[in-house]
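# Observations on the three-dimensional arrangement
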Amino acid sequence: MTANEDMNHGTPSDIAETYKIPDHPLYTVGTYDNGVTVLSQQVRALNLVYGLVECGFVPVTHAGKPAPDKVQRKIAIIGGGFAGLTVAAGLLAKGVQADIVVFEQRDTLLPLQQGSDTRWLHPHIYNWPAEGSEISAANLPLLTWTAARASDVVVQVLSAWNTLIEKIKNPRIELFCNTRHLQIHEAAAPKKLTIEWIGEKREPRSGNVAEGSTGGSTGQTCDFDVVITATGFGIETASRFSYWRNDMVGQPNLEQPRLTFLLSGQGDGAMIDLLRLRISHFRQDRILSELFGHNDLLLEQIREIKKKDEEGRESETFQSLEKLSLDMKDAFDEVSRRLSSRLRRDTDVILRLKKPKLSDLFDGGVRISFQNRVLVYALYKSGGFVPSTEKETVLVRQHAIPPERVIRRHGTKREMQLKNILSDSLFATLGSRNREKFRQTDEPSWDGGYFGFTGRLGDTQDAGDDIRRQWRKEYLPGATALVAATFCAAVASFLSSSHPTGQRLRVTFHRAVSFGREEVLQQCCKYFGVDVDEGGESPAGRTFPADNATIGLAYKTHAVIRSRKGIEAEELAAAMQFLNLSQASRSMAPDVRFVAALPMLASEDAHGRNPVIGVLYIDSRADDFFLDGDRLQVVLNMMEGFAGNLDRNALRDVDHISNRELARAPSKWHTAVEIPEEVRHALETVPVPLARMRADSQFNLEYSDFIPVGEKQ
Ligand SMILES: Cc1cc2nc3c(=O)[nH]c(=O)nc-3n(C[C@H](O)[C@H](O)[C@H](O)COP(=O)(O)OP(=O)(O)OC[C@H]3O[C@@H](n4cnc5c(N)ncnc54)[C@H](O)[C@@H]3O)c2cc1C
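All values derive from a computational prediction rather than experimental measurement.

This part is about the site of the ligand. Lining the immediate surroundings of the ligand are 31 residues, of which Val38, Gln41, Ala83, Glu104 and Arg106 lie closest. Here an oxygen atom of the ligand and a side-chain polar atom of Gln284 are 3.3 Å apart. A total of 980 Å² of accessible area belongs to the ligand in isolation, and the protein chains cover 91% of it. At the level of secondary structure, the elements contributing two or more residues to the shell around the ligand comprise α3 (38-54) and α4 (82-93). Class assignment for the residues of the shell around the ligand results in 15 nonpolar, 13 polar and 3 charged.

Okay, here's the thing in structure tokens:
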């Protein structure tokens, strides 16, 4: 059982099942889920790959060796949007032993958002005001991105896609663009599906016409062993321009002093356009800190309301906000003051709704995310728009609104995307399945580092050290890596002054972090020290299960762990074997004579959390190196100084970088455990006070663009 199964995420087969159309090797990504975002679709895509690989539904290379399965399989991915591309990336990263064919009905990859300069994408903002919702990095192991204009997110993702394909020797992937008449139906061969299509073969890395190709369309038919539909949600049929097309809604009018817009719709798309039309300098993420960032207590209360909203008590949200605006009148007046000063004077908006009352927008039947509801509530209170249920034609006539100022955001018809491509009988089978069975979590289900090695989890024991040196990497923020490197370089230079030359000394730092629900320790920088010859790619970013080896023991015991003085190298190696070092790390070099792991603690012990936020790791091959007495105290003092300067605003002088809390999974070791009997002959705990952060409880220095307009944070 893997760490994530253990945390009730279900087995890989449970996960794969939530994507599957009964009786066929046919899977669909996110079609029936609510709150769909780019990031959540990418997570669903990687969860599907995890399920398919671990169940053996797609063959993968086994720790660098070809899969035993000699038959070359074929996998089809329909849709070259974020979800489809991420499925393909996940399969390639796992070393899939199959031919992948991606079908995209438009002229290029990620066509909806490509060139979309007027829309902003932020990976976590739909979780606001939860911890970590302001973090601009998507934190994905593959095709990750940071908040930016949608067009720039496309560039980031395509560049990561390019790099991934370049790394793989002979990637067996084909891309067809401008596909038409794509039809999926039952094959004559058992357990297969047939696809017929007309399309243009393209270069899979870029979506461009391949060199030497005429780029013409051809009609083809082929059987596939697995078919994954990632056809998304389509584009809005009622609007003149789809949501992702560029517009001038967010810009001041140049010709007329004041224009009236009719905005029709009651989903997130409509709410975002309402906010852009009425608030100057509006940006989906920044506005939240601009309006609410002044008052932590207010945010705390809003978090409570969100909790109830998520428990299915959405109908109470409007009343709760009304109550809060009275209970915390001063704080809410400040929000209104800030908002009023930002209201555009060159626009008026009539928001046309089907629901008779604005409070009805807050009930469960309407798909508006929590933060947009709160913003629209605040805008309403500031007199920012007029709601109406009048017919569009009447409103247009009454207010003399020309067609170019009528914006319709009536949503998309998701199921049509599948109806268009599935045979009648496949579509009927899909229809026969209870929609609830298709609910796909948007929490990562894979174990930390899963996409950093090829093969299945069970194969990892056979992986050699050359593979282990690079594997299990997850996203590591650049600022975190830089500060960890500076700290470790300082510790290493202090220790190297008393360490024999010509014998290896290594120092590095691991931070405690969760990927999905798995607690891991992530190496934040390369090794610093004496005679460290790492060569090749940096090991920074590697993740280790949190109970792994010496660092894991320090994490579990909440104490400094050190090898006993004079211990033989073989005895130390045996202790490491017991601590499962080889589960994720390279084997310990046979001549390591000294190891130490020194934990650093959070400012306060939070319920259910492990107080350890990171572990400094030191090892040496020198016979007579030992860390105790004054030298140990100096290292502990250095850690104290480091921890004390990591707090949220510690890097105030560095624009846009601060320590940001990420949501962390509850820990299995939130209370300290004893050092196991079996390793006590080799390892000991050292009873010394540990370094503690002053205010924060995580080491996650990250860039964020949340600087209120006109203010420096
Ligand atoms: C109004 C609106 C506002 C949104 N705002 C946000 C937001 O602020 N933030 C956010 O994260 N998300 C937002 N989303 C959601 C976002 O669009 C999706 O999360 C994202 O596009 C999902 O990626 P996907 O790959 O699943 O689907 P898509 O991006 O739709 O990609 C599907 C791909 O499949 C292709 N395709 C479809 N049918 C076929 C076929 N028959 N054959 C071949 N190819 C096919 C399409 O051309 C497309 O390239 C919004 C959506 C809407 C409608």
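As a further point, take the sheet that holds strand β9 (residues 217-224). Ordered in space as β1-β2-β10-β3-β4-β7-β8-β9, the 8 strands form an open sheet in which the pairing is mixed. The sheet is open, and its two edges are formed by β1 (20-21) and β9, each paired on a single side. Sheet topology places strand β8 (residues 193-202) next to β9; 8 bridges connect them, and they run antiparallel. By the bridge assignment for β9, Glu200 is matched with Ser217. Sheet contacts for helix α14 (residues 424-432): β1, β2 (26-28), β7 (173-186) and β8; angle to β7, the most-contacted strand, approximately 85°.

Let's shift gears to the nonpolar core. A general trend in soluble globular proteins is that nonpolar side chains are found buried together. Membership of the largest hydrophobic core comes to 69 residues, with the highest contact counts inside it found for Leu495, Phe509, Leu598, Leu616, Ile618, Leu683 and Phe699. For this core, the element with the highest residue contribution is helix α16 (residues 478-496), accounting for 8 residues. Filtering out sequence-adjacent residues up to four positions away, Leu683 remains in contact with Leu553, Ile561, Arg562, Ser563, Arg564, Leu572, Met576, Leu579, Val595 and Ile675. In this structure, Ala89, Trp145, Val153 and Phe453 belong to the second largest nonpolar core, which totals 62 residues.

Attention now moves to the side chain of Arg338. Inspection of the secondary structure puts Arg338 in helix α10 (residues 329-342). Polar side-chain contacts of Arg338 include one of 2.9 Å to the side chain of Glu334. Discounting residues that sit within four places of it in the chain, Arg338 has contacts with Ser289, Glu290, Leu291 and His294.

Rules used throughout
- Residues numbered from 1 in each chain as written.
- Predicted model: local features only at pLDDT ≥ 70, side-chain atom pairs only at ≥ 80, totals over all residues.
- Heavy atoms only, no water.
- Near = heavy atom within 4 Å.
- Polar contact = N/O pair within 3.5 Å; in protein donor to acceptor, adjacent residues only side chain to side chain.
- Areas by Shrake-Rupley, 256 points an atom, 1.4 Å probe, with all protein chains shown as cover.
- Helix = DSSP H or I, 4+ residues; strand = E, 2+ residues; numbered from the N terminus.
- Nonpolar A, V, L, I, M, F, W, Y, C, P; charged D, E, K, R; others polar.
- Pairing = 2+ DSSP bridges.
- Contact = heavy atoms within 4.5 Å.
- Axes fitted to C-alpha atoms, helices over the stretch in contact; angles between N-to-C directions.
- Core = buried A, V, L, I, M, F, W, Y, C linked by side-chain atoms within 4.5 Å.
- Buried < 20%, exposed > 50% of the residue type's maximum accessible area, 1.4 Å probe, protein only.

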